[in-house]
Amino acid sequence: DWPYFALTQVRTVARVANEVRRRMVRGAGGSEGSVRVEQRITDEVNRIDGIPDRVVLTENGFYVLDLKTGHAVSVFSDSYRRQLLIYAHLVSLTTSKPLLGLGLVTAGGETIWGNATQQDMEQVLIEVQSDIAAFRKATLEGELIAIPSPQNCRFCPFKAVCPSYWKDASPDWSDYRGVHGRVVRVIDDRTFTVEQIYPNDLAGQLIGVSNSSHEVRESDIVSVTDGLLRGQSLRGSWYTRTVTLKEQR
């Protein structure tokens, strides 16, 4: 019941992780190394972007690390490896240094290392490009059929941009569905106001969004998911996502 426990926990683990990073840099022979923390990187050509938790640069190359504060991680799974290799590709766009390795930082401060090479990174990029092309083709040909429900959509990474998710009229949705609409006011980098478009039953209402990190501007169409919506107020948490859309769906 401690207020802001989760936020304090994340900050504490981040401090521990920073110390681990500094020791790792010294151990890798990179006394002049530096650490990048949660910087968004965009690949405009392949339309991929991401925010690596930590990137450690040394004289010899770079490491990509991910903080798994909310998970009991014990092994470096294939899905984690793929995620970090995508991050590594993004980092490679900003430096001429080679990839040296990948790491998962657990809530206990332990780092689980995974081996990776430039070739591994390039192979994952080819796979991602193929997956994106197949997804677009299936979408255009009407082969993708969404069946929205609180159970099906709970962990779906695409719900923020899914028309079926927002337009579904089922009464089963909880207060964590979110809000889709036009930004009418930006107060600071964690607080803004949305004129709601979806869900339909609340269209036109002004919803105040707080505690949600964002880069939105007034007049943007946005989707905010996984925040607690009560009345005309949506409060975010560390896993709340705010996505800017190019057009209303």
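Conventions adopted
- Residues numbered from 1 in each chain as written.
- Predicted model: local features only at pLDDT ≥ 70, side-chain atom pairs only at ≥ 80, totals over all residues.
- Heavy atoms only, no water.
- Pairing = 2+ DSSP bridges.
- Helix = DSSP H or I, 4+ residues; strand = E, 2+ residues; numbered from the N terminus.
- Axes fitted to C-alpha atoms, helices over the stretch in contact; angles between N-to-C directions.
- Contact = heavy atoms within 4.5 Å.
- 1 Å grid on protein atoms, 1.4 Å probe; cavity = no way out; pocket = protein on both sides within 12 Å on 5 of 7 lines; lining within 4 Å.
- Points joined across faces, edges and corners; volume = space filled by probe spheres on them.
- Nonpolar A, V, L, I, M, F, W, Y, C, P; charged D, E, K, R; others polar.
- Patch = residues over 30% accessible without salt bridge, like charges linked within 9 Å, V, L, I, M, F, W, Y side chains within 5 Å.
- Areas by Shrake-Rupley, 256 points an atom, 1.4 Å probe, with all protein chains shown as cover.
- Salt bridge = Lys/Arg side-chain N within 4 Å of Asp/Glu carboxyl O.
- Lys, Arg positive; Asp, Glu negative; His and termini not counted.
- Charge placed at Lys NZ, Arg CZ, Asp CG, Glu CD.
- Buried < 20%, exposed > 50% of the residue type's maximum accessible area, 1.4 Å probe, protein only.
- Expected span 1.5 Å × (residues − 1).

1. Quick notes on the sheet that holds strand 1 (residues 34-37)
Part 1 of the argument: Taken in spatial order, the five strands of this open sheet run 1-4-5-6-7, and their pairing is mixed. With one partner strand each, in any of the chains shown, strand 1 and strand 7 (111-114) form the two edges of the open sheet. Along the sheet, successive strands turn relative to each other by an average axial angle of 25°, direction set aside.
Part 2 of the argument: Two elements, strand 4 (residues 54-57) and strand 5 (residues 62-68), share four bridges in a ladder whose sense is antiparallel. Across the sheet, Leu57 pairs through a bridge with Phe62, a residue of strand 5.
Part 3 of the argument: Taken strand by strand, helix 2 (residues 78-92) contacts strand 1, strand 4, strand 5 and strand 6 (99-106), and its axis lies near 135° from that of strand 5.

2. Overview of the layout of surface pockets
Part 1 of the argument: By volume, the second largest pocket is sized at about 280 Å³.
Part 2 of the argument: In terms of lining, the second largest pocket is formed by 18 residues, of which the most central are Trp173, Arg177, Pro199, Asp201 and Leu202.
Part 3 of the argument: Here the lining of the second largest pocket is composed, by residue class, of eight nonpolar, five polar and five charged.

3. Here we look at a positive patch on the surface
Part 1 of the argument: Taken together, the side chains of Arg11, Arg15, Arg190 and Arg235 define a basic patch exposed on the protein surface.
Part 2 of the argument: Relative to the assigned elements, Arg235 resides in strand 13 (residues 233-235).
Part 3 of the argument: For Arg235, a relative accessible area of 41% gives the class partly exposed.

4. Digging into the sheet that holds strand 10 (residues 206-210)
Paired through their backbone hydrogen bonds, the strands of a sheet run either parallel or antiparallel.
Part 1 of the argument: The seven strands lie next to each other as 12-13-10-9-8-11-14, forming an open sheet whose pairing is mixed. The open sheet has two free edges, formed respectively by strand 12 (228-230) and strand 14 (241-245), since each of these has just one partner strand. On average, each strand axis in the sheet is tilted by 35° relative to the strand beside it, whichever way the strands run.
Part 2 of the argument: Where strand 8 (residues 179-188) meets strand 11 (residues 221-225), four bridges bridge the pair, whose relative direction is antiparallel.

5. Description of helix 3 (residues 118-140)
Part 1 of the argument: Under the 1.5 Å per step criterion, the end-to-end length of helix 3 is 33 Å for 23 residues, consistent within 8% with the ideal 33 Å.
Part 2 of the argument: Every buried residue of helix 3 is listed here: Met121, Val124, Leu125, Val128 and Ala138.
Part 3 of the argument: The inward-facing, buried residues of helix 3 abut strand 3 (48-50), helix 2 and strand 6.

6. Considerations on the pattern of salt bridges
Part 1 of the argument: In the structure shown here, the tally under the stated rule is seven salt bridges.
Part 2 of the argument: With a closest N to O distance of 2.8 Å, Asp175 and Arg230 form a salt bridge. With Asp175 in the loop between helix 5 (163-167) and strand 8 and Arg230 in strand 12, this residue pair connects regions lying 55 residues apart in the sequence.
Part 3 of the argument: On the basis of relative accessible area, Asp175 is assigned to the partly exposed category, the value being 36%.
Part 4 of the argument: Among the charged side chains, a salt-bridge network with shared partners connects Arg82, Glu127 and Asp131.

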